[in-house]
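An overview of the molecular structure
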Amino acid sequence: MNGRQVLYVRFLGLGEKRAEERYAALLRLLDGITPVVQAVPPDAAFADVRGAARYFGLDAVRLARLVRVRALALHGTDCAIGVAVNPLLARMAAAQHGGARPGVFAVPGSQAAIAGFLAPKPPAALHGVGPATAGALRAYGLDTVGKIAATPPATLQRILGATQARRVHALAHGIDPTPVTPAAPPRSAGAELRFGHDELDPDARRRALLTLADKLGFRLRCEGQVARALTLTVRYADHTATTRTRALAEPTAHTPALVDTAYALHAALGLQRARVRGLALRAEDLTDAGDAPHQLSLDPADERRRRAEAAADRARRRFGRGAAGPAAAHLDAA
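The notes below deal with the structure included here. (Residues numbered from 1 in each chain as written. Predicted model: local features only at pLDDT ≥ 70, side-chain atom pairs only at ≥ 80, totals over all residues. Heavy atoms only, no water.)

A short note on the packing of aromatic side chains
Inspection of every chain in the model, using the stated rule, returns three aromatic pairs. Relative to Tyr 23, the ring of Phe 11 has its centre 6.3 Å away and its plane inclined at 70°; by these criteria the two rings are edge-to-face. One end of the pair, Phe 11, is in strand β1 (residues 6–11); the other, Tyr 23, is in helix α1 (residues 19–31), with 12 residues separating them in the sequence. Exposure class is identical for Phe 11 and Tyr 23. Each is buried. Taking the centre distance of 5.2 Å and the plane angle of 80° together, the rings of Tyr 55 and Phe 56 count as edge-to-face. (Phe/Tyr/Trp six-rings, centres within 6.5 Å; stacked < 30°, edge-to-face > 60°. Helix = DSSP H or I, 4+ residues; strand = E, 2+ residues; numbered from the N terminus. Buried < 20%, exposed > 50% of the residue type's maximum accessible area, 1.4 Å probe, protein only.)

Have a look at this one:
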């Protein structure tokens, strides 16, 4: 297509202990192969290896195998690596088998091979196609990427609107001009909870999210930080995981705002029958609270909540984290 060779590297089994430190070390490992590395927290990265292939005298697949061998040998971490001509296809290649199976998975660069790879995938497999768009497509019988690719653009426009139709049409044909932009991971903070069993009860999962959001909010406020986005990771009994990120309305460390966003992310996944083994929340793109804009609230109830939150924080700092907090947040977060 355009000569690009992109790796999407997902580091498996980072766990909870020293996860950020190990992730940073693995990103440095990638930097040793190519300078064009874009972090995708909490456990992945894109790498454009076009120049590295010439330098090492290896094709992209062999470079991916080299990354996997070095990650195992130096850090004891295996990888699922997708190899393709653009970030969309590389990410989708790595996501095979739920993204939890180690190995190197390549999509050949020919148009016929790309079409064959994409054709049986569901619409939601296209990164950037959310639940609402996928639902609208399925309602018209477009339940595979192959069917979407064969649909006239004018028909897609009637279903999705002009802008989204153009984007989905391009994605369904494997077209993604997005560059791999060298970038370190933004500052973030996380909290994780693992259930001792397969948790099927959505109310129990919501209580866990309340616990995690409360813990994150307290940590951010103590450190004088605010977050611009929140990421939810759901880990399942079969060792696969789903990760979703949502921007916050404004940079914040206010626990109710974090809780509302966590609940919305959870609800959007539709996990009615899912066997969930763990949940993780990560506050993304942190910045100093003093440098962030804050919209003044005219809601007296919100002001009362913030005063109560500040009082609870003072009690926690003096008597320990268990001294105050939401009544329903009784689960211990890792």
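Observations regarding the sheet that holds strand β3 (residues 44–48)
Overall, mixed pairing links the five strands, which are arranged β2-β3-β1-β4-β5 in an open sheet. The open sheet has two free edges, formed respectively by β2 (37–40) and β5 (103–106), since each of these has just one partner strand. Strand-to-strand twist of the sheet, defined as the mean angle between neighbouring strand axes without regard to direction, takes the value 15°. Across the face of the sheet, α1 comes into contact with β1, β2 and β3 while running at roughly 160° to β2. (Pairing = 2+ DSSP bridges. Axes fitted to C-alpha atoms, helices over the stretch in contact; angles between N-to-C directions. Contact = heavy atoms within 4.5 Å.)

Some thoughts on the environment of Ala 119
In this structure, Ala 119 sits in the loop between α5 (111–118) and α6 (131–139). Under the relative-accessibility criterion, Ala 119 is labelled partly exposed at 29%. When the C-alpha atoms of Ala 119 and Ile 148 are compared, they prove to be 8.7 Å apart, with 29 residues separating the residues in sequence. Residues contacting Ala 119, with those up to four places away along its chain left out, are Thr 144, Val 145 and Gly 146.

A closer look at α1
Given a rise of 1.5 Å per residue, 13 residues ought to cover 18 Å, and the 18 Å separating the end C-alpha atoms of α1 matches this to within 8%. Taken together, the buried positions of α1 are occupied by Ala 19, Tyr 23, Ala 25, Leu 26, Leu 27, Leu 29 and Leu 30. (Expected span 1.5 Å × (residues − 1).)

Examining the pattern of salt bridges
Tallying each qualifying case throughout the model produces 10 salt bridges. Arg 277 is the partner of Asp 198 in a salt bridge, and the nearest nitrogen-oxygen pair spans 3.2 Å. On the criterion of sequence distance, the pair formed by Asp 198 in strand β6 (residues 189–199) and Arg 277 in strand β9 (residues 276–284) is long-range, its members being 79 residues apart. Given the relative accessible area of 25%, Asp 198 is considered partly exposed. (Salt bridge = Lys/Arg side-chain N within 4 Å of Asp/Glu carboxyl O.)

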